[in-house]
2 protein chains.
Amino acid sequence: MITTRLDLARIRAARSDIDPIFLNTPLYQCDALGRELGCTVSIKLETANPVRSFKARGTELVANLLAGQGRTAAVCASAGNLGQALGWSGRRRGLDVTVVASRAAPAVKLDRIRALGAELELVDGDFEAARERAADISLQRGIRLVQDSLDIETCEGAATIGLELADAGSSFDTVLIALGGGAIATGVGYALKTLSPDVEVICVQPLGAPAMTHSWRRRRVVTTDSTDTIADGVAGRFPIPEVLDDLLAVADDAVLVQESSIVAGLRLLLEQAGLVVEPSAALGVAAVLEDRDRFAGRHVATIICGSNVDLDAYHRWIRT
Amino acid sequence: MITTRLDLARIRAARSDIDPIFLNTPLYQCDALGRELGCTVSIKLETANPVRSFKARGTELVANLLAGQGRTAAVCASAGNLGQALGWSGRRRGLDVTVVASRAAPAVKLDRIRALGAELELVDGDFEAARERAADISLQRGIRLVQDSLDIETCEGAATIGLELADAGSSFDTVLIALGGGAIATGVGYALKTLSPDVEVICVQPLGAPAMTHSWRRRRVVTTDSTDTIADGVAGRFPIPEVLDDLLAVADDAVLVQESSIVAGLRLLLEQAGLVVEPSAALGVAAVLEDRDRFAGRHVATIICGSNVDLDAYHRWIRT
């Protein structure tokens with residue numbers, strides 16, 4: 001019995017509150033990629049939707065809840081994808097959405113947040129600075145602060161991916177999950193460990209943004225002073241204690257990968273799978289590249305969590 | 001009442017003979033692309049599967065039928081995607097699959113056909129030469145010749161895309177479909193015209209490979225001496241009379257687009273939708289680009305039919 005803040009019955013029920021456009025995403029074996037990696041690789045593709053990431057699974061739950069409570073506004077800090085997702089979910093329910101992001105976030109993510117009609121406020125500093133400012137706005141305006149990974153809806157929304165993986169009945173040995181704040185890792189991990197306990201749950205984080213992995217290893221919150229990674233979507237410094245507790249209950253391992261492996265992963269996903277993805281979505285492939293023996297001959301599922309990437313930067317990365 | 005060789009009840013039943021991995025593909029609105037094109041654009045994505053094109057919807061039916069009849073082998077001519085799909089469907093059912101293709105087909109398509117365990121025979125000349133050779137092999141070996149667009153399974157398999165579009169309940173004004181041999185155009189067209197007769201069915205073909213469009217316009221088979229297009233997947237010269245008859249019954253229009261528009265379509269799909277696709281899959285966007293007034297403010301669905309593209313050529317195209 002896995003005990004976390006998440007609840008399987010709620011996760012199952014959540015599916016009916018999420019717009020179907022975000023559910024039942026493609027899950028398919030990619031032989032070409034598998035040949036390159038020396039294992040069987042299944043792709044769970046979370047990018048073929050209006051916000052090009054998995055985040056709307058969670059914001060659909062949050063926005064539903066808020067609309068049901070008669071709320072009219074919400075604010076969140078975002079590295080870029082949560083803001084788009086909340087913008088999309090909020091717009092459909094008449095919510096005024098404010099997103100706080102770092103000025104350093106990819107322009108393409110910021111543009112798409114604005115295009116969804118959300119109010120975008122930029123701050124100097126990184127994602128953690130955006131989190132502080134979003135909390136201030138919430139207090140000042142008396143509106144709901146949506147906190148990625150802390151708010152149970154963001155974790156349980158992401159957990160519906162785990163339901164789909166478990167329901168697929170495929171015999172995965174391992175699922176590789178990008179680790180940032182922890183919503184997708186704890187969500188998918190909880191669903192899998194509850195329904196398919198034999199499937200190994202491995203979280204993957206960049207060496208350049210290792211706070212949650214260090215925390216998981218030491219079983220206590222470890223923060224870092226800075227981050228240095230192209231994987232902007234997972235670049236936090238302050239793990240949330242409640243989320244770490246959940247992660248400790250569901251993750252079999254947490255590994256750190258180098259930037260060069262993330263880039264190699266981006267390149268392989270393009271060349272072998274025809275997928276343009278953001279760096280966070282290449283973490284799983286990077287983990288296999290760094291430890292081929294560990295995964296040799298196994299069946300690995302990797303969640304392609306987002307494709308909001310600045311194309312100029314992308315082409316620079318994959319050409320080097 | 002639309003009368004073609006296709007049958008709605010059979011198409012509905014076909015869904016249970018097709019591996020679910022190829023069904024219920026993503027259908028979502030892409031606002032960024034819509035803004036560029038001046039209309040509402042929905043994407044029907046047929047590339048997130050093991051063969052990266054829609055063709056397996058048809059080969060699943062063919063291979064099922066053959067396996068049920070106790071056959072052990074089949075041969076087809078292919079521009080590259082049918083061969084992969086038949087290779088995949090055949091392998092799963094223990095069929096020996098032979099694919100005949102033009103030596104000029106994209107290397108990436110040929111490599112993937114081989115990787116699926118199919119026997120690949122290359123011929124000089126174009127797709128029509130491959131068709132002749134495949135017919136010879138069928139006679140010599142006494143094995144089933146799978147003929148794309150002529151064989152009803154290839155059309156009715158593709159028609160399941162039309163079912164999904166009709167069932168989505170979205171209020172499309174228009175569906176844009178790549179036109180080559182005609183399987184996807186007649187299939188999707190038939191399903192839509194039967195279930196959602198108000199949806200306009202527009203077929204799009206390259207100016208450099210216009211045989212079927214000329215045939216549709218003149219209501220009789222018109223052949224051409226050569227083709228000249230980067231859209232290798234739709235570059236046939238000899239329309240099949242039965243398929244033309246079906247197309248005449250379901251298509252509201254057939255339009256021809258320039259190569260430069262196909263390239264612009266490829267670029268927009270990458271930049272605005274994050275999708276790397278093969279040229280045939282960009283025909284719908286190319287059609288909008290060439291006649292913006294016609295589509296202004298309308299809701300257009302475009303089927304992204306394949307993503308098997310040589311990346312070197314792709315990058316050359318989109319950079320020019």
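The name given to chain A in an unreviewed UniProt entry is Threonine dehydratase, with the source organism recorded as Actinoplanes digitatis. On record in UniProt, under Cofactor (unreviewed entry), the comment for chain A is "pyridoxal 5'-phosphate".

A. Representation of the overall build of chain A in the model. Each helix and strand in chain A was counted, giving 14 helices and 10 strands. Scaling as 2.2 N^0.38, a compact globule of 320 residues should have a C-alpha radius of gyration of about 20 Å, and chain A matches this with 18 Å. With respect to the three principal axes, the spread of C-alpha positions in chain A is 55 × 45 × 35 Å. The buried share among the 320 residues of chain A stands at 64%. For chain A, restricting intrachain contacts to residue pairs at least 6 apart in sequence, the fraction spanning at least 24 positions comes to 74%. When the accessible surface of chain A is totalled, it reaches about 11200 Å², and 46% of it is carbon and sulfur. Here chain A holds 33 positive side-chain charges and 41 negative ones, and the gap between their average locations is 2 Å.

B. Inspection of the sheet that holds strand 8 (residues 200–206) of chain A at higher detail. Residue and element names in this part refer to chain A. One open sheet accounts for six strands, arranged 1-2-10-7-8-9; its pairing is mixed. Among the strands making up the open sheet, the edge pair consists of strand 1 (27–29) and strand 9 (253–257). For this sheet, the mean inter-axis angle between neighbouring strands, taken without regard to orientation, is 25°. Pairing of strand 2 (residues 40–45) with strand 10 (residues 299–304) involves six bridges; the strand directions are parallel. Note on strand 10: the bridge partner recorded for Lys-44 is Ile-303. Contacts between helix 9 (residues 211–218) and the sheet are confined to strand 8 and strand 9, with strand 9 contributing the most and set at about 145° to the helix.

C. Fine view of the UniProt feature "domain: Tryptophan synthase beta chain-like PALP" (unreviewed entry) in chain A. When the UniProt feature table is mapped to this numbering, "domain: Tryptophan synthase beta chain-like PALP" (unreviewed entry) covers residues 22–306 of chain A. Summarising residues 22–306 of chain A: 45% helix, 18% strand, and an end-to-end C-alpha distance of 12 Å.

D. Representation of the relation of the copies chain A and chain B within the structure. Once chain A is rotated about the relating axis by 180° and shifted along it by 0.0 Å, it coincides with chain B to within an RMSD of 0.0 Å. What the rotation and shift describe, once combined, is the action of a two-fold rotation axis. Most of the interface of chain A is mirrored in chain B: 100% of its interface residues are interface residues there too.

E. Up close: the interface of chain A and chain B. Facing 25 residues of chain A, the contacting portion of chain B comprises 25 residues. Roughly 1900 Å² is buried in total at the junction of chain A and chain B, and carbon and sulfur atoms are behind 57% of that figure. Applying the counting criterion to the chain A and chain B interface returns two salt bridges. The shortest N-O distance in the salt bridge between Asp31(A) and Arg91(B) comes to 3.2 Å. Every element with two or more residues in the side of chain A that touches chain B is listed here: strand 1, helix 2 (31–37), helix 5 (107–115), helix 11 (259–273) and helix 14 (311–319) of chain A. With four residues, the top contributor of residues to the side of chain A that touches chain B is helix 11 of chain A. The residue inventory of the side of chain A that touches chain B, partitioned by class, reads 13 nonpolar, five polar and seven charged.

F. Local environment of the packing of aromatic side chains. Residues and elements named next belong to chain A. Taken as a whole and judged by the stated rule, the model has two aromatic pairs over all chains. When the ring of Phe-22 is compared with that of Trp-88, the centres are 4.9 Å apart and the planes differ by 90°; the resulting orientation is edge-to-face. Taken together, the residues Phe-22 in the loop between helix 1 (8–14) and strand 1 and Trp-88 in helix 4 (residues 81–91) connect sequence positions 66 residues apart. The exposure class assigned to Trp-88 is buried, which follows from its relative accessible area of 7%.

G. How the structure looks around the pattern of salt bridges. Residues and elements named next belong to chain B. Scanning the entire structure with this criterion turns up 48 salt bridges over all chains. For the salt bridge of Asp-124 with Arg-103, the shortest nitrogen-to-oxygen distance reads 2.8 Å. Remark: Arg-103 occurs in the loop between strand 4 (96–102) and helix 5 (107–115) and Asp-124 occurs in the loop between strand 5 (119–123) and helix 6 (127–141); sequence separation between them is 21 residues. By relative accessible area, Asp-124 is classed as exposed at 57%.

What counts as what
- Residues numbered from 1 in each chain as written.
- Chains lettered and ligands numbered in written order.
- Predicted model: local features only at pLDDT ≥ 70, side-chain atom pairs only at ≥ 80, totals over all residues.
- Heavy atoms only, no water.
- UniProt positions renumbered as here; feature names shortened; annotations may be inferred.
- Helix = DSSP H or I, 4+ residues; strand = E, 2+ residues; numbered from the N terminus.
- Rg over C-alpha atoms; globule rule 2.2 N^0.38 Å.
- Buried < 20%, exposed > 50% of the residue type's maximum accessible area, 1.4 Å probe, protein only.
- Contact = heavy atoms within 4.5 Å.
- Areas by Shrake-Rupley, 256 points an atom, 1.4 Å probe, with all protein chains shown as cover.
- Lys, Arg positive; Asp, Glu negative; His and termini not counted.
- Charge placed at Lys NZ, Arg CZ, Asp CG, Glu CD.
- Pairing = 2+ DSSP bridges.
- Axes fitted to C-alpha atoms, helices over the stretch in contact; angles between N-to-C directions.
- Least-squares fit on C-alpha atoms with pLDDT ≥ 70 in both.
- Buried area = accessible area lost by both parts, 1.4 Å probe.
- Salt bridge = Lys/Arg side-chain N within 4 Å of Asp/Glu carboxyl O.
- Nonpolar A, V, L, I, M, F, W, Y, C, P; charged D, E, K, R; others polar.
- Phe/Tyr/Trp six-rings, centres within 6.5 Å; stacked < 30°, edge-to-face > 60°.

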